[in-house]
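# Structural overview for review
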Amino acid sequence: MKKNYIAITFTLLLVLITPNGRAQSASQHKADKDYNQYAYIDAIATYERVAEKGYKDQEMFQRLGNAYYFNGELTKAAKWYEALFEMNPEQEPEYYYRYAQTLKATGDYAKADKTLESFNKKKTADKRGELFENNKNYLEQIKANSGRYEIADAKINSTQTDYGSAYYNNKLVFASARDTGGIAKKTFKWTNKSFTNLYTAEIKADGTLGTPERFQKNINSKFNESTPVFTKDGKTMYFTRNNYLEGKRGKDNQKITLLKLYKAEQIDGKWTNVSELPFNSDQYSTAHPALSNDEKKLYFASDMPGTLGQSDLYSVTINSDKSFGKPENLGKTINTEGRETFPFIANDNQLYFASDGRPGLGGLDVYVTKINDNNNDNTFTTVQNVGAPINSKQDDFAFIIDSETQKGYFTSNREGGNGNDDIYKLTQTRKLNCEQTLKGIVSDKETNAILENAKVTLLDEQFKTIGEVTTAANGTYSFKVDCNKTYHVRVAKEDYETIETPVIIKEQSGETDLNIKLEKRIKPITVGTDLAKTLNIPIIYFDLDKSIIRKDAAFELEKILAVMQQYPKMKIDIRSHTDSRQTAKYNLALSDRRAKSTQQWLIKNGIKSNRLTAKGYGESQLVNHCSDGVPCTEAEHQLNRRSEFIVVSMD
């Protein structure tokens, strides 16, 4: 894929290596100059002439590989990255990632995966590596998602670059670098191809496209135009253009003309009032606009400050007065350290975009996620690769679809096309669905009895309520949920304690089981009941070798105090136990002191002494095998260090 649609590679993608200090030939010096000015085609020719003479230079191989990589010619880039790693296998992490991408383009997925493993080890905090590490079976997942589209040549392609289509009334609008036959034809330095202009082609009743015609003259300039999007009423368009307006060309600090988003209005059948959007800048690129279904948000790609990777997806609010809010990064759910670009919002609120930062088939792949309802905080469902034949070993991007007709278009530079990039038409024959059901049974924790009419609430990661049901006669509940997403389930029932628990939904279609047991809030008390168990009182902690009631122990004893105040005739026997460490004599004396200390605390707080008895049992009543000399864990020993509050009388 070509740089002329800014498309994909922004200036942050360049890795400018410090010269190694030795003398360079004049031809290589010229190539370096061309490279640093983005004249990639000239650089390729010069570098290759030098390399063909047998010269081996790490920096030259890096730049030669990059020159092809940045132009989307991944199979050619693979040759030079391979030479680079053969010369020196220790490279900066980014070269491992690029090399892996080019290996995929050649079909060598096994070697690509090994290279990605090396990348992940060298750059452990990189999301691209994490996504690969967590999805080693990504080819199987992509295979499962594949075969859902029928594709064909759109029959509007030239021998040059054609890409980035959009719907406008009954027409398809797209960018093309086709030769218009002008005498003073201008070419784009990065590719030595013509600058792209916007063209239209009629969508006929049978689905075929008419002969492409140039879009309106005052929209097309002497620089690049691409990727328009139109409001539903057809009166407003947003589009991408190089930094050029009203005859003035803008440049960044490096004297490079980047990309900006522009707006135009249709008045009396003509597009006019072309203006740039207020969040543009000479110092970074903004490109590839897409509108939300309610047209209250504009999505786009940019490398503006705050970008996570080489280019990220952003959204910005369009206010009722047509002003704009502050752009917001879509976050790590969508963006990686790679390139995310070409967003498109379908009628069913699905966000399609291209990325080379996720496990894919090679180059840019098309991915899809659903924008959550009432999306004020940019939250999305699981991102999925749409699979083949949309995605290939090369760059695939600029996907659009009409969700009602299931027809659309996308762009690819795959083999067999007419030009550098070509537009293909598509028909979706089967939707991509990862369907999950979250289900379970609610029961009594103590008796395992099924609980009917328990209220079960489903909440998202931000604890916003998504759904609510009551359990059936068999105690069951169920919700339709999104794959690979975290939810919280809250269950409430009269006379029971409310419980809330998180659950992570599986990545594949199917069912996720979550059985929930509720504990009674109102519990029966009879003679023989241990109040410590009834009130969920853990061990009553004392300092080492001490019998003084600590503050945290007092908190637990307050529960016993409250129950005894509620039942003024209740009498209890306090029993203190230790583990087997220390001698039996020592443990017996220590436990007795602690039982008596607990008794005195209750008396001090208003319980009459005739309602209390207390005795220490030391290590004589262990609840497990952890007797003298038996190796046990601290957790096992703790089970024996317990206090019991046994009800001996209720009258």
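This write-up is about the structure you can find in this document. Remember, it's a predicted structure, so these values are computed and weren't measured experimentally.

### Things to note about the environment of methionine 304
- Along the chain, methionine 304 falls in the loop between β15 (297-302) and β16 (312-317).
- Sequence-wise, methionine 304 and serine 281 are 23 residues apart; in three dimensions their C-alpha atoms are separated by 8.4 Å.
- Beyond its immediate sequence surroundings of up to four residues, methionine 304 is in contact with Tyr284, Thr286, Tyr314 and Pro327.

### Here's the deal with unusual backbone geometry
- A cis amide bond links alanine 388 to the next residue, proline 389, at an omega of 10 degrees.
- Looking at the element boundaries, proline 389 is found in the loop between β21 (384-385) and β22 (396-402).
- One non-glycine residue, threonine 227, adopts positive backbone phi at about 40 degrees.
- On the secondary structure map, threonine 227 appears in strand β8 (residues 225-230).
- The class of threonine 227 is buried, set by a relative accessible area of 7%.

### What to know about the state of the cysteines
- Applying the stated criterion across every chain, the model contains one disulfide.
- For cysteine 626, the disulfide goes to cysteine 632, at an S-S distance of 2.1 Å. A torsion of -100 degrees about the S-S bond marks the disulfide between cysteine 626 and cysteine 632 as left-handed.
- Judged by its relative accessible area of 0%, cysteine 626 is buried.

### Re the sheet that holds strand β27 (residues 465-470)
- An order of β27-β26-β29-β30 is seen for the four strands of this open sheet, with the pairing classed as antiparallel. Both edges of this open sheet fall to β27 and β30 (499-504), since each of them pairs with a single strand only. The average undirected angle you get between the axes of adjacent strands in this sheet is 20 degrees.
- Strand direction decides the pairing type here: strand β29 (residues 486-492) and β30, joined by six bridges, are antiparallel. Across the sheet, residue arginine 490 finds its bridge partner in β30, namely glutamate 500.

### Quick word on the packing of helix α6 (residues 109-122) against helix α7 (residues 127-134)
- Between α6 and α7, the least distance of the axes is 9 Å, while the angle of their chain directions is 125 degrees. The angle between α6 and α7 falls in the class oblique. Crossing hand, α6 versus α7: left-handed. For the pair formed by α6 and α7, the contact residues are Asp113, Leu116, Glu117, Phe119 and Asn120 on the first element and Arg128, Gly129, Glu130, Phe132 and Glu133 on the second.
- In the contact of α6 with α7, the residues fall into three nonpolar, two polar and five charged.

### A look at the nonpolar core
- Core analysis: the biggest nonpolar cluster contains 33 residues, and Trp80 and Tyr81 have the highest contact counts within it.
- Every element with two or more residues in this core is listed here: α2 (40-52), α3 (58-70), α4 (74-87), α5 (93-106), α6 and α8 (138-145).
- Among the nonpolar cores identified, the runner-up in size contains 24 residues, and Ile156, Tyr199, Ile390 and Leu432 belong to it.

### Concerning α8
- Taken residue by residue, α8 has Tyr138, Ile142 and Asn145 as its buried positions. The buried residues of α8 occupy one face: seen down the axis, they fall within an arc of 60 degrees. Opposite the buried face of α8, at more than 90 degrees from it, the exposed residues are Glu140, Lys143 and Ala144.
- Buried positions along α8 lie against α5, α6, α7 and β21.
- Looking at the residues trailing α8, positive phi occurs at glycine 147, about 80 degrees.

### Things to note about the pattern of salt bridges
- Inspection of the entire model under this criterion finds 25 salt bridges.
- We note a salt bridge from lysine 260 to glutamate 276, for which the minimum N-O separation is 3.2 Å. You can see lysine 260 sitting in strand β12 (residues 259-267) and its partner glutamate 276 sitting in strand β13 (residues 270-276), a full 16 residues away along the chain.
- Residue classification places glutamate 276 among the partly exposed positions, given a relative accessible area of 31%.
- Here aspartate 356 ties to arginine 339 by a salt bridge, and the two come within 2.6 Å at their closest N and O atoms. In this pair, aspartate 356 sits in the loop between β19 (350-355) and β20 (365-370) while arginine 339 sits in the loop between β17 (328-329) and β18 (340-345), placing the two residues 17 residues apart along the sequence. Judged on exposure class, the residue aspartate 356 and its partner arginine 339 are both buried.
- Bridged by salt links that share partners, the residues Glu94, Lys123, Asp126 and Arg128 form one connected network.

Thresholds, definitions, all that
- Residues numbered from 1 in each chain as written.
- Predicted model: local features only at pLDDT ≥ 70, side-chain atom pairs only at ≥ 80, totals over all residues.
- Heavy atoms only, no water.
- Helix = DSSP H or I, 4+ residues; strand = E, 2+ residues; numbered from the N terminus.
- Contact = heavy atoms within 4.5 Å.
- Buried < 20%, exposed > 50% of the residue type's maximum accessible area, 1.4 Å probe, protein only.
- Disulfide = S-S within 2.5 Å.
- Pairing = 2+ DSSP bridges.
- Axes fitted to C-alpha atoms, helices over the stretch in contact; angles between N-to-C directions.
- Parallel < 35°, antiparallel > 145°, perpendicular 65-115°, else oblique.
- Left-handed = near helix turned anticlockwise from the far one by under 90°.
- Nonpolar A, V, L, I, M, F, W, Y, C, P; charged D, E, K, R; others polar.
- Core = buried A, V, L, I, M, F, W, Y, C linked by side-chain atoms within 4.5 Å.
- Arc of directions from axis to C-beta.
- Salt bridge = Lys/Arg side-chain N within 4 Å of Asp/Glu carboxyl O.

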